[in-house]
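Observations on the three-dimensional arrangement
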Amino acid sequence: WYWEAVVFLRKLAVIVVSVFLVEMDMAVRGLVMLGVLFVAHRGNENCRPFRSVELLSLDQTSLMVLMVTIYCGFYSSSEDVNDVSKIVLMLVTIGLNVYFFVVWTVKVSGNKLITLTRKCTKCCRRKRERYSTLSSHTNDFVH
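As a starting point, this report considers the structure included with it.

What counts, and at which threshold
Residues numbered from 1 in each chain as written. Predicted model: local features only at pLDDT ≥ 70, side-chain atom pairs only at ≥ 80, totals over all residues. Heavy atoms only, no water. Patch = residues over 30% accessible without salt bridge, like charges linked within 9 Å, V, L, I, M, F, W, Y side chains within 5 Å. Areas by Shrake-Rupley, 256 points an atom, 1.4 Å probe, with all protein chains shown as cover. Salt bridge = Lys/Arg side-chain N within 4 Å of Asp/Glu carboxyl O. Lys, Arg positive; Asp, Glu negative; His and termini not counted. Charge placed at Lys NZ, Arg CZ, Asp CG, Glu CD. Helix = DSSP H or I, 4+ residues; strand = E, 2+ residues; numbered from the N terminus. Buried < 20%, exposed > 50% of the residue type's maximum accessible area, 1.4 Å probe, protein only. Axes fitted to C-alpha atoms, helices over the stretch in contact; angles between N-to-C directions. Parallel < 35°, antiparallel > 145°, perpendicular 65-115°, else oblique. Contact = heavy atoms within 4.5 Å. Nonpolar A, V, L, I, M, F, W, Y, C, P; charged D, E, K, R; others polar. Phe/Tyr/Trp six-rings, centres within 6.5 Å; stacked < 30°, edge-to-face > 60°.

1. Focus on a positive patch on the surface
- Taken together, Lys119, Lys122, Arg125, Arg126, Arg128 and Arg130 make up a surface patch of like positive charges.
- Mapping Arg125 onto the fold places it in helix 4 (residues 83-142).

Below is the structure:
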């Protein structure tokens, strides 16, 4: 339960950097944001707040994708970067986010599919047991 408070503080730190550091240079805001996310990533790695390895992996991957997205946006906003490099950075950013979305979808839907399969198996097993119990009782009456 404590990890929800940690995630809340991480989101609050991102909001504070985004809103209250507007007067500061974009480079400073970007570095502070990357620092907040790096600390969150290390905290996640050290504390391992999830029982499930898949959830920990998803959270770590989401933080890494967010850091790379911010870095690419930070780098591409520089006036010294040519248009081809900006397009490459944009494609890297889009590719990583699509990759994460696909991984997230597969893992979440896979877990739901496993849960659904288990529920259906239990339900079918109970129905079979009831049917076999009823069948044995009706056979008693037929004789």
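2. Regarding the pattern of salt bridges
- A full pass over the atoms with the stated rule returns 1 salt bridge.
- Residue Glu45 is joined to Arg48 by a salt bridge in which the shortest nitrogen-to-oxygen separation is 3.1 Å.
- By relative accessible area, Glu45 is classed as partly exposed at 26%.
- With relative accessibility at 48%, the residue Arg48 sits in the partly exposed group.

3. Some thoughts on the packing of helix 1 (residues 2-20) against helix 2 (residues 26-47)
- Viewed as axis vectors pointing N to C, helix 1 and helix 2 meet at an angle of 170°, and their least axial separation amounts to 9 Å. Judged by the angle between their axes, helix 1 and helix 2 are roughly antiparallel. Taken together, the residues of helix 2 that come into contact with helix 1 (itself represented by Tyr2, Trp3, Arg10, Ala13, Val14, Val17 and Ser18) are Arg29, Val32, Met33, Val36, Leu37, Ala40, Gly43, Asn44 and Cys47.
- Residues of the contact of helix 1 with helix 2, tallied by class, amount to 11 nonpolar, 3 polar and 2 charged.

4. Quick notes on the packing of aromatic side chains
- All chains considered together, the criterion is met by 3 aromatic pairs.
- Between the aromatic rings of Tyr71 and Tyr75, the centroid separation amounts to 6.2 Å while the plane-to-plane angle is 10°, which identifies the pairing as stacked. A residue pair is termed a helical-turn pair when its members lie 3 or 4 positions apart in one helix, as Tyr71 and Tyr75 do in helix 3 (residues 53-76) at 4 residues.
- Overall, the relative accessible area of 42% leaves Tyr75 in the partly exposed class.

Coordinates in, geometry out; function isn't part of it.
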